[in-house]
Structure formats: C-alpha cells, structure tokens
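Given next are the chains, with one letter for each unit.
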Amino acid sequence: MNFRFELDEILSLFPSCEIDGSTSVKLIEGIASLEKAKAGDLSFLENPKYRKLVDESRASVLLLPQDFDGTPSENQLFIKLSQPSRGLALLCKLLEQKLFAPPPAGIHSTAFVENDVQMEENVSVGPFCYVGNGVKIGKNTQILSHCHIGNQARIGSSCKIHPGVRVLTKCEVGSRVILNSGVVLGSEGYGFDQVGGGHEKVPHLGIVVVQDDVEIGANTCIDRARFDESRIGKGSKIDNLVQIGHNVLIGKGCLIVAQVGISGSVQLDDQVIVGGQAGFAGHLKVGKGAKIAGQAGITKDVEPGAFLKGNPAMPVQLAHRIAILQRKLPELFNRFAQSDPNK
Amino acid sequence: MNFRFELDEILSLFPSCEIDGSTSVKLIEGIASLEKAKAGDLSFLENPKYRKLVDESRASVLLLPQDFDGTPSENQLFIKLSQPSRGLALLCKLLEQKLFAPPPAGIHSTAFVENDVQMEENVSVGPFCYVGNGVKIGKNTQILSHCHIGNQARIGSSCKIHPGVRVLTKCEVGSRVILNSGVVLGSEGYGFDQVGGGHEKVPHLGIVVVQDDVEIGANTCIDRARFDESRIGKGSKIDNLVQIGHNVLIGKGCLIVAQVGISGSVQLDDQVIVGGQAGFAGHLKVGKGAKIAGQAGITKDVEPGAFLKGNPAMPVQLAHRIAILQRKLPELFNRFAQSDPNK
Amino acid sequence: MNFRFELDEILSLFPSCEIDGSTSVKLIEGIASLEKAKAGDLSFLENPKYRKLVDESRASVLLLPQDFDGTPSENQLFIKLSQPSRGLALLCKLLEQKLFAPPPAGIHSTAFVENDVQMEENVSVGPFCYVGNGVKIGKNTQILSHCHIGNQARIGSSCKIHPGVRVLTKCEVGSRVILNSGVVLGSEGYGFDQVGGGHEKVPHLGIVVVQDDVEIGANTCIDRARFDESRIGKGSKIDNLVQIGHNVLIGKGCLIVAQVGISGSVQLDDQVIVGGQAGFAGHLKVGKGAKIAGQAGITKDVEPGAFLKGNPAMPVQLAHRIAILQRKLPELFNRFAQSDPNK
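Quick caveat: nothing in here was measured; it's all calculated off a predicted structure.

Draft legend 1. Focus on the sheet that holds strand 8 (residues 112–113) of chain B. Residue and element names in this part refer to chain B. Taken in spatial order, the ten strands make up an open sheet running 8-11-14-17-20-25-28-31-34-37, and their pairing is parallel. Sheet topology places strand 8 and strand 37 (297–298) at the edges, where each strand pairs with a single neighbour. The sheet contact formed by strand 34 (residues 279–280) and strand 37 spans two bridges and is parallel. By the bridge assignment, Phe280 is partnered in strand 37 with Ile298.

Draft legend 2. Expanded view of the relation of the copies chain B and chain C. With an RMSD of 0.1 Å, the operation that places chain B on chain C is a rotation of 120° combined with a shift of 0.0 Å along the axis. As the rotation angle and translation indicate, the two copies are arranged about a three-fold axis. Comparing interface residues between copies, only 17% of those in chain B also lie at the interface in chain C; the contact surfaces differ.

Draft legend 3. Structural context of unusual backbone geometry. Residues and elements named next belong to chain A. Asn311 connects to Pro312 through a cis peptide bond whose omega is 0°. The residue Pro312 is located in the loop between strand 38 (307–309) and strand 39 (314–315) in this model. A positive phi angle, near 60°, is found at Asn75, a position not held by glycine. With respect to the secondary-structure elements, Asn75 resides in the loop between strand 5 (61–65) and strand 6 (77–81). A positive phi angle, close to 65°, is found at Gln295, a residue other than glycine. With respect to the secondary-structure elements, Gln295 resides in the loop between strand 36 (291–292) and strand 37 (297–298).

Draft legend 4. Representation of the interface of chain B and chain C. Contacts between the two partners involve 46 residues from chain B and, on the opposite side, 48 residues from chain C. At the level of elements, strand 20 (184–187), strand 21 (192–195), strand 22 (198–201), helix 4 (316–327) and helix 5 (329–339) of chain B are the ones that each hand at least two residues to the side of chain B that touches chain C.

Draft legend 5. Examining the nonpolar core more closely. Formed by 266 residues in total, the largest nonpolar core has its most connected members in Leu62(A), Leu62(B) and Leu62(C). Not counting chain neighbours up to four residues away, the residues in contact with Leu62(A) comprise Ser43(A), Phe44(A), Leu45(A), Val54(A), Ser57(A), Phe78(A) and Ile79(A).

So, how was this worked out
- Residues numbered from 1 in each chain as written.
- Chains lettered and ligands numbered in written order.
- Predicted model: local features only at pLDDT ≥ 70, side-chain atom pairs only at ≥ 80, totals over all residues.
- Pairing = 2+ DSSP bridges.
- Helix = DSSP H or I, 4+ residues; strand = E, 2+ residues; numbered from the N terminus.
- Least-squares fit on C-alpha atoms with pLDDT ≥ 70 in both.
- Contact = placed C-beta atoms within 7 Å.
- Core = buried A, V, L, I, M, F, W, Y, C linked by C-beta atoms within 7 Å.
- Buried ≥ 20, exposed ≤ 12 C-beta atoms within 10 Å, placed from the backbone.

This is the structure in structure tokens:
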C-alpha cells in the first residue's frame, strides 16, 4: 500500500507518545508488517510474541508499546504508545480518508431521485442511483453507484452505502451504518402455505430495520418480516454472503461471520458470535454472549454464554473429545473384535 | 406494520364469514400476532395451540376458526372462517398491493430498451434497466430498477423482477415468476478441461429455463447449461443465496432453502425439499418427494420419498440414533478400557 | 441449443481429421449428447465407456476418437480426431462467438466514464456502467451493463466483465479474466478491535489483485487486504458465491468450487482444489496440490498433496473408514452391552 505521509503529521496524531531514534526519514510511503516493511515504511508491533521481528525490521518508523526495550537501528524511529494498536487504528482512519477519497456531495448527474425525497446536508448520491418516493436520508451519508433506495425507506446520517446496494421499500437504516456492495435489505420472506399440493405464497408485509453502527458484508441478504420487522441490533457486524430470514431479530454487538444462514424468526440476544457457515433452524432463541463455531448446525435454543460446535451442535469441549474418539473408532472396533467373547 | 383499512373492506373479503362481537372499531391500522396486537389492529389464530392467547389479545378484530368458542371482549370483533389462514392470506394479498404500490406501466425515462424488443400491454421497465435485442416480455410484468435482460431473453406475464436482477442472454422465464434482487440467471457454467497442467474453459452454450410460478431468492445464481438447459420446474420455490450449477434439472413444486449448493447435472424430481446449506455432488438423481435435511452432504442418488441427513448422508432416523451414540463415545471408551481383558 | 453451422465450416476446423460416412447433411443445427441428439445435430464421444451409445445416436455428425471402430449409419458422418474433446472445445469456442455476439466496441451512450480514464483499443463499456477516475483498461476488454469500476482500478486486456460486477477502488485485474455477474472485488475486510465492549472497525487500506486467466463466479466476494493485497493467482478458477476474506493469497491454477468460505489471511499454494461449501479458519497455510472435499472444515495447516475431508478434517481414507464405522455404532453399543462383564 503506497501513499505519502509526513512524519510530522504522524507524530501530531500522538501528542503523548515517547520517541526514540532518528527522525531523519521525513516522508512515510507505506504501512506494512514487520517482515514486509522496507525503508520508508511504517510498521507496528501488535502482538508481543513477535517482539523479535522488530530487531530485523527494515521499517523506518515503528509503533511500539511503552515498555519495549530494544534499540532503533540507524535512521529508524521508535514511537512508543500506551496502546500501539489504537494508535495504528487512528493512523489508518486518517489514511483511509486519503486513499479512498469521499465522493462529492450532491446528486450525480446520472442519478434519479424522486421529487419528494428529503435529504439533509452533505449527502452524496452516486452515479445511476435510484432514490424512491418519500425516502429520507441523513446528513453526510454517501450512497455510491447503482444503489436502489426504495419508496419510503429511511437512511440515517454518516452511512456508507457501497455500489449496488438495494434498500427495498420502507426498510430503515440507522446512522454510521456500512452496507457493502450487493447487500439486499428487504427481499421477500420465504414462506408458503400448502394449498392443494402447491406452495402458495405468504405475503411479507413488514420491513428490515438496521440499527446504528451496523456493518453488513457484500452480497448479504436480509428478508423483510411478515408483519413487523427483521432487525439487526446496534453495533452488530455481519460479514459477506450471510442469509438472514424473515422476522429474525439480532441483538446488539453480535458478530456474524461469512456465509452463516439464519432461518426465519430466530432471535439472537446481544453479543452473540457466530462462526462462518454455521446454520440455524427456524424459531430458535440464542442467549446473550453465546458462541457458535463455524459450520455448526443449531437446531435447539442455545443458553446464554454457551459455546457450541458441530452438527448436531454440542458443547465445544464435548465436540473436541468426540472428534478425538472418532479417530480411534477403527482401533476400538479392532480391539472389540479381539476381545469379543462371542466371536 | 401500519396502514389504513376500513372494517367494511375487510368484511367484504369474507362474504360467508360469521361475525361475533362489536363492529365499533371501523378503521384497522395494523396486523400483528396475538401477543403484539394493540387496539386498532387485526390479529389471527393460525395454530390451535395458541388459543389461550386469544383471550388476552388486545386486537380489535380477530380472524378465528369457525369452531372457536370464546367470547369477544368489549369493542372486539371475531370474524370466524372455515380456513382463517386462507382468509389471512387473502387479506395480506390485498394489503401487499396497497403497501407496495406497483410501479407505473411503461418504460422509465432512464431505462434503455433496444429497438426490437416485444412487450405486451402493461409492462413496467424501471429506472436504469437495460433490455437487450430481441427480448420478449409478457403482459403485466414488472421489472424494477437496474435489471439486465439479455439479448433474446424471454420473460412471461405477471412476473415481478426485483431491482438488480440479471437474466442473461437467451434465458427463459415463465409467467408469474418472482425473481428477488441480485438473482443471476445464466452465469457461465463451471467446467474446465485439464490441458497441459492448466484449466481450459469449457464454453457453456445453453440457457436457463425458469418455469411458471417459480420464486427465486435474493442473490441466488443459476448457471447456464453446456448445450441445452438448466431448468427450474413449475411452482418450485428457491430461497436466497442458492447455487445451482450448469445442466441441473429441478422438478415441479420443489422447495430449496437458503444457501443450498447443487452441483452440475444433478436432477431433482418433483416435490423434493432441501434444507438450508445442504450440498449435492455432481450428476446425482434425487427421487420424487425426497427430503434432505439442512447441511446434509449428498454424494449418491437418493430414492423417492427418502429423508436423509448428515454428511455422508444417511436416513434421518439412523442419523439421529448415531448422533445420540456419538455423545456416549466417551463413556463407551471408558467402559471398554475397564473391561478390556488385555489391559 | 440451436444455431446454423455449415458442415464445411466444421470440417475446416479439423484439417487433420479422418472422416467416415456420408456428408449429405450440409447444415448442422445443434449440438447434443449422444442420447439427445437428433438428425441435423452434432454429437461427440468424450468418455470411452459410452461407446455403445454411438450406435444408437441419431446425430448426423459425430466427433470420435481415431481408434473408434464402429460404422456410421445412413446419412451419418464420423469425424475422427486424435483428441475429440479438444476438437469439441474448438468448435464450442467458435459457436460461443456466434451465439453470444460480443457487444460493440466503444462507450455506450448511457455509461458514465470519468475524464482521465485510459482505455486501449476495442474496449466495450456497456449500458449504465460507471468507470472512475484514473482507471486503466486494456484492449479488447468487454465490460457489460451496470458495472462499477472504481477509482484507480486496473483491468487488463481481453477480459469479460459480466453485468453488475463491482471492481472497487484501486483493485487490479489481469488479462483474459472472466468476472461473472455480481462479483465484488474489494469489499471492506471483516476485522474489528474490541474497544470498551464494542467492535471498532479496523480500516482495510489494501487492494484485491486478480491475476491473468482467472475466472470468478457469480456473486462471489473478495475482500480487500488490510495493507497490501488479497490475491488470486494466475489461472485459478473460482465458482459462484464463494467468500474470500481479507489478505487471502490463492496460488496459481487452483479450483475453488461454489460456496467455499476462506477466512482472512489464509494462504493456498498452487493447484489446490477445494470442493463446494468447504470452509477455512483464518491464517492457515494449505500446501501445493492439496485437495479438500466438499463441506470440509479446515482448522489447521494442510500438507502439500494431502486430501482431506470432514469437520474436523482428516485424511479422506480415514474419513471414509470412520463414516462406515459410525454406521455400525448402534451394533457396537448393542454387542458391548451384551459382553459387558459389569452388567
């Protein structure tokens, strides 16, 4: 990753840092890991177990913990911080704004915005966007190219809506929400009545509500509720290609990793963590702080704080124990055959 | 979910209903479950086991079975129907039309339609749609924003094509089909010849055929066939994020839940039900009415009417029995160690 | 599949072929398998085990191996080739160009291309495409409708970018790359710092690099790296709905089947094959030529050439052996109960 950043600008981010070494390199031109960094780069020590790599790093500037006791090499500068990872985050946030220039405010000449849309100041509506009747959009929100914001939808302030997102009719998005490319909010719920051997559609009249500070990954789909709402709670982070069915309620601060599938009417309490490709049968309740391992299959309610794995899911320790014993099955069958008194 | 609906309008939907209680509430402003309904709402009893909730419901109007023997509270009206769930469906269908106003017929000013496209009456082509050469579209079909209808594609009548759908070159869609946002019909099949250590593309020259009354969920992909067609049979319902490979043939009235993966040349007979995240190896045949549990891995042909679970898949009863015994493996190993005559 | 192809045109593709039978059918109107072919069609024998089907085939023209010893029926022509499957591929490639006419070169009237874009000759930019600042596109590349090519992105020559693809800011695509509809390159990586009980975003400042001759399936997502690049190596083929996390490095000539999920920082060496719906935990290394069965769950590094299956994954022979023994668990528990000396 290449860019140009004055050393002074970096130092000004950390007014209370301690510095050690040379400030001879005035221009920083990249960020890289300790091993990959070259002269002119900035690097960092996030995990104490990699301390040794600092000695060998060719980075010109290093973000280090306050108690780091090594010595900078020639033309190298140590910046010591109480929380180097927070310092790095601060720096990256600034870099992000430089590297990914925000689109200009206003409505792109190729976008189509219906007459009765209400937009606060500094909203950007990108190329080929369609914004429907009665939509409201909060200040500083960026909507990139090819998005569809359906009739009566609500979008809060300071959101980033990446290219090709669909926020369908009446759905509601809070503030500081990030929707990655291809997200669909408000697809039709999957529900059918069996009528005369056929499947007759159950209309889904509700909406999707995405609360503040949520992120949703690329091509993830959230179906609208039958009558009221499917909901993603404040601060939850959902990865790419996740399926969230109609009437699902996800609590606050949850992490849902890629390709998870959550069937209709499932409820996740707050701070639940779900590993990639796990699946949930319909109408389950998952307690606060539960953890679900990747690829697990959940078919029953989950207690708060539980950590489950496997399909059918079981406590993770039991799953590990069984996994070990399964590998011993060939031996067990052999020994049993030898010891079988009936043989 | 909020709306405004005259009580008389609701009653006129059910000419043969029996009513009991007060018609004092003239305006219905929402539909909700028995627990959530408040005064002014309509609610319903779908599952007899929730009968008790009727007594406590604050709904102003309730759709109930004919044999329901409770008494409406003050200002409450019971509407008794032979099939309350059908009544609810009828009402919801009407509501759907009110809540999700159909787009105006005609071609949106921002759409681009090639010269030789044939459209029957009352077709709607939404903002930023592209409709290619030689396309034919049947009457009353709605194509929402940002859709691509490829050259020589065919779309039947009364379809609803949600924003951002791609119906690629020559693919054929029947009548009354619903395609949710982000559906791709006709992506290139995944097939390669091994040539000199590399993977050389096998061109896929066929099409995708989607028959009448099919629904396809958001971001689902169906690859085109090598020579003839990949096909979704009449009335089958496919959920979100499903992968359907080249040359797959799906019968009539199947239900394919979210994130299922069906490899190339698999054939599903009619009325097959597949749970979420199940996967099929290539070239398999699945018999009529078979059921496949969620996350199952199918690697062999499946008999008609079979119900399989697990990976490798086995009859569901056996899978359940083994799941129980697996949890007893630690105990079995312990007991075996104790009884082992060789120890 | 229907088309019109002169027999002479077909024969001219195979200057060194040997022919046997009648050249009376001058116009070929379809390609089909041996069973499905009718008079006027061309068919082929790819797999020697279907030799018998040749006798019954009604195809007018058949591509056969040089050592095929049957006799053509009346009005039937055998074309004998040293490699019939290569011959078929050659023919299909020609057909593909006829059936899927390339879009005209140039920028469609509805597309929007920023001023400082550099395009080589014969590039096609389709309807409603947006091409951002500083983009470079190589010669003969086709970009179909509704694509977003982000600022400073690079696209090589002779690529086919299907409708609705997003190549986001700064991402790099090589030459002869095929991106199917809905592909997202450069979505934000999924990484968060835990700060005060909440999840604080880790900015992802890197890019996605897709090397030459790669194909990527519909609605597949590849996240951008934290600092440097997520990379898909030359000639690798990725199927539909695959998730590839930030900083993943995929080697050359890999095959990744549909719905696979690869977590952040995983490294796949060259020629790795991954079956559908398999999943990888983060930060793993997978050796050259390893094979991973469908639905496997990989949580540890994988040796070169290994063939793993199951979750937790194990060598495929062991997995098969255990799968067989698992089905015998009911019997084992019964026999153990009988033989238990403590009972």
